[in-house]
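Notes for the structure review
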Amino acid sequence: MQFLIDNFDLFWDAFLTTLSLSLLACLVALVLGTLLAAMRVSPIAPLRGLATFYVETFRNTPLTVVFFFMIFGLPQIDFVIGFFTGAVLSVGLYTAAFVCEALRSGINSVSPGQAEAARALGLTFGQSLREVVLPQAFRTVVPPLGNVLIAMVKNTSIAAGFSVSELSSLLPRLVNASAGDLTAILVGVVVGYMIITLPSALAVHRIERRVAILR
Amino acid sequence: MRITRYAAAIAATGVVLAGCSSDAGETTEDAAGGGAEVADDVSFDEGTTMAELAESGTITVGTKFDQPGFGLAGPDGVPEGFDVEMAELIAAELGIATDDIEWVETVSANRESFIQNEDVDMVVATYTINDSRKELIDFAGPYYEAGQDIMVAAGNPLGIEGPDDLAGLNVCSVEGSTPAEEIRTNYPEATLTLFDVYSKCADALRNGQVDAVTTDNVILTGLVAGAPDEFELVGNPFTEEPYGIGITKGDDEFRSFINDTLEASFEDGSWAEAWDRTAGAITGTDAPEPPSVDRY
């Protein structure tokens, strides 16, 4: 316990890095994921193809490889991005594929009659998606989306291997400095992640109850 | 009569088998490029670690698998390098052949726990002796004296001569290593970029994402040797990193035994030979003056 108090500054900085990395990546993933889901259900074949290609590429590539490409691959073609930006993009772009698939399952769960009725009222494809289908889709996907985002928070730990000093990068650093306090270090790191993930899980549960469709 | 014939047959088989095994021994020794001569009649005081190891005929050694010149594992999983040769010297003195050494990969962050949990009998893994580690384990040696140095892009475009020139620059090392801590503490004006392995630092230097890479000179020479057109060593070591052999805390007999073995190897030249075969072959430098063993 004393060890954690002594090194509170380190844990706090690392926690803030993990938190900001998670929030920014979450933003990228949700925006891009929604866009991709819309593309995958759109009537325009090239858009569908493009989105499917994206999802299959990122969903089937290990996150570490995505990181490697961002940090060391892009500079090879003279496209250098900062390490933190690289981490946000890696985690965000990767998670977007999963967000897209979660949303698409929600869209598919809205009965086709809803979309047909919207079209019959004269709404365009975009309008019917925005006003009728997506609001209902989002409700059903709250639990799976929560899963995807919690997994994403933990995935940010891969950034430790790519020069982002987030929570899990404290493990090798502090263990090297004082191997005797291994347990305290582990506890500190785990608690740091839980401070982010547990409230998220609670929030997901709350939202789920609020927006639940009464059938 | 019959029994005698059987006995003769068995004896003959024994001779053939013995012949085979000695052939095999020679072959592996050649493959290892020499290696220490295994002591055949060894005796130690009852109850010591040496007696236990000699009795069992095997020893488990923790070393690095990713350090060219010191401990680098090939596709067959058997490491080669200066650390490996040191461990073989000690094993040979215990009457244990090279083939009977069990190698375990240890990385910087788990070396103490491997010794404390007795997963390994000793750790020879570019292991810097320092006081906070001495609280958990004991060190024999040192058997080599390294120093922290700086690697830059070939031609040294920024004119870096030493750690003071790193102020305001982006310098790369590995998280959880002593060199990274050294920069953090004593050269805080330098911006640290920390990866988990040194090969990523080399990639980042190649891409121009960092201006310099810093760690122990022996590790850097390995990297420079791999890409002499791209990297060069500043060659101005600014710390002292005595490499020791980690063993269980309080095992003073084993520690003295290793120290004796090391000193003997310093004197009879086998230490220098080991250097020439491994790290020296990569860097092209002669064996340095052996360090003096610290019997604390």
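Keep in mind the model is a prediction, meaning the values are calculated, not measured.

Let's shift gears to the overall build of chain A. Assigned secondary structure in chain A consists of 10 helices and 0 strands. Ordered by position in the sequence, the α and β elements of chain A form the string α-α-α-α-α-α-α-α-α-α. Dimensions of chain A, computed from the C-alpha atoms along their principal axes, are close to 70 × 45 × 20 Å. Looking at chain A residue by residue over its 215 residues, the buried ones come to 37%. Of the contacts made within chain A by residues no fewer than 6 positions apart, 76% connect residues no fewer than 24 positions apart.

On a plain count of helices and strands, chain B comes out with 11 helices and 13 strands. Counting every position in chain B, which comprises 296 residues, the buried fraction comes to 42%. Partitioning the intrachain contacts of chain B with sequence separation of at least 6 by distance along the chain shows that 70% fall at a separation of at least 24.

Counting residues at the interface gives 18 residues for chain A and 18 residues for chain B. Considering each element in turn, the side of chain A that touches chain B owes the most residues, 5 residues, to helix α9 (residues 170-177) of chain A. Its residues assigned to classes, the side of chain A that touches chain B comprises 10 nonpolar, 7 polar and 1 charged.

This next bit is on the domain arrangement of chain B. All names here are of chain B. On domain assignment, one finds that chain B holds domain 1 (36-146 + 241-283) and domain 2 (148-233). One C-alpha centre belongs to domain 1, the other to domain 2; they are set 28 Å apart. Across the contact, 14 residues belong to domain 1 and 12 residues belong to domain 2. Elements supplying a minimum of two residues to the side of domain 1 that touches domain 2: β2 (66-67), β6 (122-128) and α11 (279-283). Considering each element in turn, the side of domain 1 that touches domain 2 owes the most residues, 3 residues, to α11. Here the residues of the side of domain 1 that touches domain 2 are counted per class, giving 6 nonpolar, 6 polar and 2 charged.

Residue and element names in this part refer to chain A. It is the contact of helix α2 (residues 8-40) with helix α10 (residues 182-211), at a shortest axis distance of 10 Å, that shows an interaxial angle of 35°. The two elements α2 and α10 meet at a crossing, and its hand is right-handed. Of the residues in α10, those touching α2 at Phe 11, Ala 14, Phe 15, Thr 18, Leu 19 and Ser 22 are Gly 188, Gly 192 and Ile 196. Within the contact of α2 with α10, the residues separate by chemical class into 5 nonpolar, 4 polar and no charged.

A separate point is the sheet that holds strand β3 (residues 71-73) of chain B. Residues and elements named next belong to chain B. One open sheet accounts for 3 strands, arranged β2-β3-β4; its pairing is antiparallel. Looking at the sheet topology across the chains shown, the edges are occupied by β2 and β4 (79-80). By the bridge criterion, 2 bridges tie β2 to β3 in an arrangement that is antiparallel. Opposite Asp 66, over in β3, you have Leu 72 as the bridge partner.

Turning our eyes to something else, we now look at the nonpolar core. Within soluble globular proteins, side chains that are nonpolar generally end up buried alongside one another. Grouped together as the largest cluster of nonpolar side chains are 123 residues, with contacts concentrated most on Val 99 of chain A together with Val 123, Cys 201, Ala 212, Val 213 and Ile 245 of chain B. Of all the elements, helix α5 (residues 83-109) of chain A adds the most residues to this core, at 14 residues. Of the domains in this structure, domain 1 (36-146 + 241-283) and domain 2 (148-233) of chain B are the two that each give at least three residues to this core.

Residues and elements named next belong to chain B. The mixed open sheet is built from 5 strands, whose spatial order is β5-β1-β6-β13-β7. Since the sheet does not close on itself, it has two edges, and those belong to β5 (101-105) and β7 (137-146), each with one partner. Averaged over all pairs of adjacent strands, the angle between strand axes in this sheet comes to 25°, irrespective of strand direction. Across 2 bridges, the pairing between strand β1 (residues 59-63) and β6 is parallel. Residue pairing in the sheet places Val 61 in a bridge with Met 122 of β6.

What follows covers the environment of Ala 272 of chain B. Among the secondary structure elements, Ala 272 of chain B is positioned in helix α10 (residues 270-277). Considered as a pair, Ala 272 of chain B and Pro 288 of chain B are 16 residues apart in the sequence and their alpha carbons are 7.9 Å apart.

Of the consecutive residues Gly 141 of chain B and Pro 142 of chain B, the connecting peptide bond is found in the cis state with omega at 10°. With respect to the helices and strands, Pro 142 of chain B occurs in strand β7. We note that Ser 163 of chain A has phi near 65°; this positive angle belongs to a residue other than glycine. Backbone geometry places Asn 156 of chain B, a non-glycine residue, at a positive phi of 45°. Along the chain, the position of Asn 156 of chain B falls in the loop between β8 (148-153) and β9 (170-174).

On to the packing of α5 of chain A against helix α7 (residues 125-140) of chain A. Residue and element names in this part refer to chain A. Remark: α5 packs on α7, axes separated minimally by 8 Å, with the N-to-C direction vectors making an angle of 115°. You can see that α5 and α7 cross each other, and the crossing is right-handed. When α5 is examined against α7, the residues Leu 103, Gly 106, Ile 107 and Ser 109 are found in contact with a partner set consisting of Val 133, Ala 137, Phe 138 and Thr 140.

Residue and element names in this part refer to chain B. Strand β10 (residues 191-195) sits mainly inside the fold: 4 of its 5 residues count as buried. Pairing geometry for β9 and β10, over 5 bridges, is parallel. When the bridges of β10 are listed, Ser 173 appears paired with Leu 194. Handedness of the crossover joining β9 and β10 through helix α6 (residues 178-186): right-handed.

Cut-offs and rules
Residues numbered from 1 in each chain as written. Chains lettered and ligands numbered in written order. Predicted model: local features only at pLDDT ≥ 70, side-chain atom pairs only at ≥ 80, totals over all residues. Helix = DSSP H or I, 4+ residues; strand = E, 2+ residues; numbered from the N terminus. Buried ≥ 20, exposed ≤ 12 C-beta atoms within 10 Å, placed from the backbone. Contact = placed C-beta atoms within 7 Å. Nonpolar A, V, L, I, M, F, W, Y, C, P; charged D, E, K, R; others polar. Domains from an automatic or database assignment. Axes fitted to C-alpha atoms, helices over the stretch in contact; angles between N-to-C directions. Left-handed = near helix turned anticlockwise from the far one by under 90°. Pairing = 2+ DSSP bridges. Core = buried A, V, L, I, M, F, W, Y, C linked by C-beta atoms within 7 Å. Right-handed = clockwise from strand over helix to strand, strands pointing away.

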